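Here is what each chain is made of, one letter per residue.
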Amino acid sequence: MEKLRVEITSKITQEDQSETIKRKGHGKMERIEGGWRFQYDEENKTGDVPVKIMIKNDEMVMQRGSVEANDYTMMKFAVGEKKNCRIIAASRIMDLTSLTQKLQFFDENNDNLQLTVEYELFSGLYLIGNYAIDIKFYREA
């Protein structure tokens with residue numbers, strides 16, 4: 001596994017409100033058959049949050065938080081498809097649906113990798129909001 005530094009920019013739009021959040025992290029990555037696997041700790045004011053991402057066959061799965069602590073988000077993405085997602089916080093479960101508009105992953109000059117995901121999040125038929133995540137992965141020696 002290669003060590004990496006991560007820069008995350010998330011944009012959340014709900015009705016007429018919009019917010020952009022920037023975070024950083026450190027972790028590792030590895031190439032797997034047909035894709036990539038990333039694991040990093042996202043720096044957060046309340047403590048680092050473990051994040052795992054797998055990209056394979058034009059699909060992405062992201063787990064953010066700790067399953068053991070019963071406090072995590074499991075998101076799935078595939079362009080043009082609705083995917084079931086789950087958020088568990090304070091032992092409360094929310095089952096949601098993502099509809100992915102954009103999922104791009106590319107290697108810049110075989111040095112840095114960039115991931116862009118844009119999606120809508122639904123609770124039943126109700127649109128919760130539009131989300132855009134941009135993650136830059138920088139290889140470290």
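This one's a predicted model, so the numbers in the text were calculated from it and none came from an experiment.

Focus: the environment of alanine 78
Phase 1: Structurally, alanine 78 can be placed in strand β6 (residues 71-78).
Phase 2: Taking relative accessible area as the criterion, alanine 78 reaches 2% and is therefore assigned buried.
Phase 3: For the pair alanine 78 and serine 10, spaced 68 residues apart in sequence, the C-alpha to C-alpha distance is 18 Å.
Phase 4: The residues contacting alanine 78, other than those within four sequence positions of it, are Asp58, Glu59, Lys83 and Thr100.

A few points about the side chain of serine 66
Phase 1: Mapped onto the fold, serine 66 is located in strand β5 (residues 59-66).
Phase 2: A polar side-chain atom of serine 66 sits 3.1 Å from the main-chain amide nitrogen of alanine 69.
Phase 3: The contact partners of serine 66, leaving out residues within four places of it in the chain, are Pro50, Asp71 and Tyr72.

Section: the pairing of strand β7 (residues 82-89)
Phase 1: Looking at chain direction, β6 and β7 are connected through three bridges and run antiparallel. Its bridge partner being in β7, threonine 73 is matched across the sheet by isoleucine 87.
Phase 2: Once β6 ends, the chain turns through three residues before running back antiparallel as β7, passing glycine 80 with a positive phi of about 80 degrees.

What to know about the nonpolar core
Phase 1: With 26 residues, the main nonpolar core has Ile53, Met60, Leu115, Ile135 and Phe137 as its most contacted residues.
Phase 2: Secondary-structure elements contributing two or more residues to this core are β1 (2-14), β3 (35-42), β4 (49-56), β5, β6, β8 (92-108), β9 (112-123) and β10 (126-139).
Phase 3: Once residues lying within four places of it in the same chain are set aside, the contact partners of leucine 115 are Ile53, Ile55, Met60, Leu103, Gln104, Phe105, Ile133, Asp134, Ile135 and Phe137.

Cut-off values and rules
- Residues numbered from 1 in each chain as written.
- Predicted model: local features only at pLDDT ≥ 70, side-chain atom pairs only at ≥ 80, totals over all residues.
- Heavy atoms only, no water.
- Helix = DSSP H or I, 4+ residues; strand = E, 2+ residues; numbered from the N terminus.
- Buried < 20%, exposed > 50% of the residue type's maximum accessible area, 1.4 Å probe, protein only.
- Contact = heavy atoms within 4.5 Å.
- Polar contact = N/O pair within 3.5 Å; in protein donor to acceptor, adjacent residues only side chain to side chain.
- Pairing = 2+ DSSP bridges.
- Core = buried A, V, L, I, M, F, W, Y, C linked by side-chain atoms within 4.5 Å.

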